[in-house]
Structure formats: C-alpha cells, structure tokens
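Summary of structural features
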Amino acid sequence: MNNKWMNYGGLVLIAVVWGANFGISRLAMESFNPIVFAFLRFGLALPFFFLILKLTEGSVGIPWRIVPKLALIGLVGITLLEITVMYSIKYTTLANASLLNVAPWPIFAALFAPLFVKESITLRLIVGGAISIVGVSLVILGGGEGFSLSSENMLGNAMAFGVSIIGPLFNLSSMSLMKQYSALRVSTWTIAFGSLFMLPLTFGTWGQTDWSALNAGHYLAIGYNVLICTVLAFVLWNACMFKVGATRSNFFRYAVPAAAVIAGYFMFDEKIAFIQMCGAGCMAAGLIWISIERKRRVEPIISATKTGGQML
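Residues numbered from 1 in each chain as written. Predicted model: local features only at pLDDT ≥ 70, side-chain atom pairs only at ≥ 80, totals over all residues. Heavy atoms only, no water.

1. Overview of the state of the cysteines
According to the stated counting rule, one finds zero disulfides in the structure shown. This cysteine, Cys-278, is not joined by any disulfide, and Cys-282 carries the nearest cysteine sulfur, 9.1 Å off. Judged by relative accessible area, Cys-278 falls into the partly exposed class, the value being 36%. (Disulfide = S-S within 2.5 Å. Buried < 20%, exposed > 50% of the residue type's maximum accessible area, 1.4 Å probe, protein only.)

2. Overview of the packing of helix H2 (residues 34–57) against helix H9 (residues 216–244)
Viewed as axis vectors pointing N to C, H2 and H9 meet at an angle of 55°, and their least axial separation amounts to 9 Å. With respect to H9, the axis of H2 lies oblique. Here the hand of the crossing between H2 and H9 comes out right-handed. Touching Phe-37, Leu-40, Arg-41, Phe-42, Leu-44, Ala-45, Phe-48, Phe-49 and Ile-52 of H2 are Ala-221, Ile-222, Asn-225, Val-226, Leu-227, Cys-229, Thr-230, Val-231, Phe-234 and Val-235, all from H9. Across the contact of H2 with H9, the residue classes break down as 16 nonpolar, two polar and one charged. (Axes fitted to C-alpha atoms, helices over the stretch in contact; angles between N-to-C directions. Helix = DSSP H or I, 4+ residues; strand = E, 2+ residues; numbered from the N terminus. Parallel < 35°, antiparallel > 145°, perpendicular 65-115°, else oblique. Left-handed = near helix turned anticlockwise from the far one by under 90°. Contact = heavy atoms within 4.5 Å. Nonpolar A, V, L, I, M, F, W, Y, C, P; charged D, E, K, R; others polar.)

3. Details of the side chain of Glu-82
Mapped onto the elements of the fold, Glu-82 is located in helix H3 (residues 67–91). Look past the residues within four positions of Glu-82 in its chain and what remains in contact with it is Arg-41, Phe-42 and Met-198.

4. Description of the environment of Leu-53
Tracing the backbone through its elements, the reader meets Leu-53 in helix H2. Setting aside its immediate chain neighbours within four residues, Leu-53 contacts Gly-58, Ser-59, Val-60, Leu-184, Arg-185 and Thr-188.

As far as function goes, none of this settles anything; it's purely spatial.
This is how it looks when you write it as structure tokens:
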C-alpha cells in the first residue's frame, strides 16, 4: 500500500478512536473527577511510553538544552489543553464545545504553520478544508442541540475556542522537534512533563471518587484511554502528522465529531439525523479531496542538527 494512504488512514483511525472516547469518557465521568481521570490517562500511560521507547530506540534520554521547550509544550499541550477541554464541555453545550473545539483548529494550524515549518497552502487545500468545515458543522449542529449564544454559555464558548488555538500550537511545536527526534521520544517527554504539571491539580480531588464502587466497565474505560487513546494515538498521530504535514493532518480531526455521533448512537441510543449523514458525506468528500493532492516536502525554517547536548 502507498505510504501516503497509510498515513492518511492512520489519521482517520486515530480520529475515530478519539471520537469514540467521547462516549466512553462520558460514562466514566459519572464516577471520576475530570482532572483525576485526565491524570490517570496520562500518568498511567507514561511507563508504557518509556518502556516502548527503551525497547525500540535503546535509550530514553533527551538533551538538556531542549528540556525547557519540551516542558513548555507539555504544560500547554497536555496540562492546559486537557483541562480546558474538560471545562469547556462543563460550561457550555456539547454542540457549542464540539463545534468551537474542532472547526477552527485546522484554520489556526494553517495560520500558525509558517512560524514552525514551511508548508504551502494550496487552492485544493482551501477548497477541501471549506467543504470539510461545512460537513463537520452539519454533523455537530444536526443533532438537535443547535448552537447557543446564551450568556450562560459564554465562558465555555471562550474556553472551547481557546482549545482550537492551543491545540495547533501544541501540534506544530511538537512537529518542529520531530525533525531531530522520533515521534515516540517527543510524545513520551511531552506527556511526562504534562503529567508532572497536572499532578498538583489533583490534590484534594482523589477522595471525590468512590473507588470501592468501580466496576469492570470503569477499568476498561481507563484502559482504553491509557493504551488506545494515549499510547497508540499520540505516537501514530504524531508520526503520520510529520509525514503528511500539520495543516493537512489537522483537517482529519473533523472525523472526531462524526465518530462521536456514531458512539452516541450505539452507547446512548442517540438518534442520527439525515442532515448529519449528509454532513458526514460532505466532510469525507473534503478530506478525500485534500488527500489526493501531492504534498510538498516539509522543511524547517531553521535547519537543525542531530548533534549536541548532554542527554537526560
């Protein structure tokens, strides 16, 4: 199979994994404090990342000179991003959060990309992206909740929109490091620092969970989040994003709401409207249109070397 299509397939697969997690996490949130659940997701995944890194690359270290950058990426892209996502959902409607989290993300990725890498924005990308935006909007808003500009939702709306700004910066800053280090190494240390910064925020919240009442379903939800949504997803997404390009890759996040709608149908017996099916078809057409364009090689703005720096 053509490597290009394998990379696009990987992006779609991870988008589906993340979309399905909306339903799984909703069930888990009935028993867990949101910040504790997020910390469990990344904290429990961390030993797996280090083990895989050691087995596949022979070492786990990073140069001291990039520690500040990785720490900042972890703080913004793991700690801040995950908490903002959780509380945007808490303070606004699901439709608002989904639309404002997802739809502007690729647009900001395209705007920020020149600050990190050289990526061309072509007519095909603009047309395909526009078609995908229309499609994902129909998928999200076609469910009946609609988009609300009520004053009680303004804080959540602002936080959801903030996610679409923070997320691309996280993607692009990680991608710039992947010119020197593997996606696995970058993901491992980003999550390590993000988990470290998240830990103090869990103090005083562990007692809010009735641990004795947890059942197999709760532990399966944790396992899905740790092994599939984090270990598999972060490494595969970053590796495919590096090959495809940040701007194109982030449009594939539009498959997340479609997968979430399907998860709602199977897990919560939520109805799928005809307009949502039309939106999914429109979104798929836009993504296919983007995929069939030959991508120019991505080069860093400032050339990097693979030497120098003592390893941690």
